[in-house]
Every structure is written in structure tokens, then in C-alpha cells.
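Letter by letter, the chains look like this.
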Amino acid sequence: MLKFALKNMAIKKVQILLIVLSIVISAGISVLAFNVATQVDEGIVNNAGYYSVIVGPAGSNTQLAMNTMYFTDTPVGTIPYSVVSSLQQDSRVTTVIPFAMADNYNGYSVVGTAPDFLKDKTVRQGAMFDPTGTMQAVVGSNIAKYNNLSVGDVIYTSHSASGSELHTQGITVVGILEESHSSYDNVVFTQLKTLWEMHEHGEEEEEEAEHHEMHAMVCAVLVNTKNPGCAMQLVQEYDGKIITEEDGDSCTLQAIEPMSVIRDVLNDADDTKYIVFVLCAVILIMNIMIISIITLLNMYHSAKEISLMRLIGISMKRINLLYIIQNSLMGLCSVLLAFGVSRACMLLMNDYVESMGVVLNMSKVYPMEFVILLAVFAISVLPTVIWTFAMSRKDSISE
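> Explain the side chain of Q39 here, please?
Summarising the element assignment, Q39 is placed in helix 2 (residues 13–48). Overall, Q39 belongs to the buried group, its relative accessible area being 7%. Of note is the side chain of Q39, whose polar atom sits 2.9 Å from the backbone nitrogen of N361.

Next up, the structure:
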């Protein structure tokens, strides 16, 4: 029966190809949209919960949050390191982590910070950089993989994305992070002092002015507090606060609660997500109609074949089973192909999603994806079941 079903499918390859294509499009797009939307939501929310308060220069609060937690966009600006020192002495604070972003390595961002910034990450090879030293780096797994880096290699960062303005001082790779399928996979982490020294030596004064003079400055301060009430107090105290340095320069601070900012971002993203889901539903409905029409036409044109099989003594039950097996094989192959296509599309979309601070995990599969694929499979077989059942009732000599 199976062999006969395969031969019958080979004869009707044009119709079969159209049905397979319809199933792959509807199932593939639906699974892709659900997986990507869910991973983006999870990735953004998980990172947002790391810190109670972020203090930085006045400007866009969304830009400050996305830059410090997901390494996207450019820093809002810089603030004096004295802000870090002040927060470290605050009794309401449990953790204070300075953050600075400057330069790049082959297009990857370089972040100057403290080891505590990576406390939840695992160093797969080597060790964490020495907080009291300089010119050491821990690199993300993707950077090591795509640039063929090993512990002990020396890398040279640059001012420009093109890499045409390389620093003369090299940074030694002392560790490589375990793959986390997050934005951390695509960042070079080094001591804050490393960035200060690289912008303090070997540069012309004009270039220093152009690149914002990193010495004794940070782009943001990441803070954890003893309780949410302390976080609210810090936001009220530091948001809009004016800091005046000894040289007379001053800057205005902003303080944000990252979860609140990210919640607003996700609310906007949810509207877009729902639009995508609606479009997927429309595509799915249209393809269900196409699949049903093609299947019914195929079964209608098979009436002569069925009559011939009935004449040579094949029961209607076996004929029904033949067509159900045929369409089940076609549906199963189609949904498996749709799943593979969705993963291939995720690979192509990864660069775009990385701009949101999330690295897609190709191996991540959600139960709802299986529900979608199972539903599409059932829909692809349903017209055949309905038609064969109707034929059985009409057939006066069926067993």
C-alpha cells in the first residue's frame, strides 16, 4: 500500500508540489514568526532584570537602556567617574558596575567594565580579566569563532568601523565566554582602565576631542540596590542631577529603572508582533483554502482510478487508506520541510535581530511550534479524509 501511494504521488508530482509549497509557506512563516517573537521577548526581559538602576548622561532613556544592557546603538555620552565613586559609598547600594563603550574589533563592540559585569556568564576557555590590570580581554563566543581567536592571542581595536584607525597597543585575549545565545556572544570585554589608557596614549589632541576623551569617564553606571524602595529613591535623586567637576565642566545625569523602560519598549513591540501574527493567520487561511481546493480537485480527477480499482476487487476501505496514507506522507514531509526552512530563515535574520541585542538560538524549540505544525498537518489531511468518507457513503458496493 505504501509503495503504491509513493508511485501515485510520483505520477501527480505537479499537484503534489503545489500542495507541499503551500504547506511550507503557511507552516514555515507561522513557526518562524512565533519563535523569533518569543526569543526576542525573552532575551530582552532576561537582560532587563539584571540591574535595579542605570545612571548615565541625560538623553534618551531607551538608548541608555539598550546600549548598556544589549550593546546596541551608541552611548548617550559620558559622565565623570566620580559618580561611580559616590554610588559605591551609598549604603542603599549592593553592586556598582562602571560601563564604557568605545572602539570596535572587526566591527564588534568593545566594552570597558569590571569582572562583576560578567558574573552570570561562564568563561569556557582561559580566565576572567584581572580587575587591577590592563590590556586584557574576555571575548564572546561568536567573536572567537568567527575570528579564529584563542587564549593568548593579541587583538587590535580601532576607532572606526572600517578598522582604518587601529590603536598601536594590543589587547591580550585571556578568556573566551561560553556561548549564551545573547548579545554577550558578540562583544569584547576589557578593564575600564584599558579604554582609558588606549585613549590617553598615542593619540593627537584633536583626535582625543573627537572621540570624547575617555579618561576618567564612563558611559553609564549599573546599580543593584538592597530593595525596590532604594531603587526608586536613587532614581529620584540622580535623575536630572547636575555634576560639576573641579575643572568647572558640568553634566546632567539621568537615572532609569531598566525594567520600566524595557516594558515600554516591549509594549510597542507587542503591537508589531500582533500585526505579524495577524498576517501569518491570513496567509495560513489562504493556504488552507489552496490546499483544500487542490486536494479536492486531485481526488475528483482520481475518480476513474478509484472506479478501476473497485472493478478489480479492491475494497473502498483500502482505497480510502491509500489516499489518506498518500496525503499524510505529503503533509508530514511538508511540515518537516517547513520547520527546516524556518531555521534557515532564522539564520538569515540573525544579523537584524542582533541589532535589538538578542542572538537567536537555532536549536530553541517551543511547544507551540509543534502545535502549529501539527495543526497544519491535520488541515492538509482533512480534505482527503472528508472526501474519502463521502465516497464510501456513496459507494453502494463498499464493504
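Past the structure itself, the notes keep going.
> Help me understand the pattern of salt bridges, please; the structure alone is not making it clear to me.
Counted under the stated rule, the structure contains three salt bridges. Note that D90 is salt-bridged to R92, the shortest N-O span being 2.7 Å. As far as the burial class goes, D90 and R92 line up, both buried. Here R92 makes a salt bridge to E237, at a shortest N to O gap of 2.7 Å. Note that R92 is positioned in the loop between helix 4 (82–88) and strand 3 (93–105) and E237 in helix 8 (residues 228–238), a separation of 145 residues in sequence. Judged by relative accessible area, which is 15%, R92 ranks as buried. What you see here is one network of salt bridges that share partners, running through D90, R92 and E237.

> Hey, could you run me through unusual backbone geometry in this one?
Across the chain, the bulk of peptide bonds are trans and the bulk of non-glycine residues have phi less than zero. Not every positive phi belongs to a glycine, and D103 is a case in point at roughly 65°. Mapping D103 onto the fold places it in strand 3. Taking relative accessible area as the criterion, D103 reaches 15% and is therefore assigned buried. Of note in this structure, H181 is not a glycine but carries a positive phi near 55°. Along the polypeptide, H181 turns up in the loop between strand 8 (171–177) and strand 9 (187–191). The exposure class assigned to H181 is partly exposed, which follows from its relative accessible area of 27%.

Scoring rules and cut-offs
- Residues numbered from 1 in each chain as written.
- Predicted model: local features only at pLDDT ≥ 70, side-chain atom pairs only at ≥ 80, totals over all residues.
- Heavy atoms only, no water.
- Helix = DSSP H or I, 4+ residues; strand = E, 2+ residues; numbered from the N terminus.
- Buried < 20%, exposed > 50% of the residue type's maximum accessible area, 1.4 Å probe, protein only.
- Polar contact = N/O pair within 3.5 Å; in protein donor to acceptor, adjacent residues only side chain to side chain.
- Salt bridge = Lys/Arg side-chain N within 4 Å of Asp/Glu carboxyl O.

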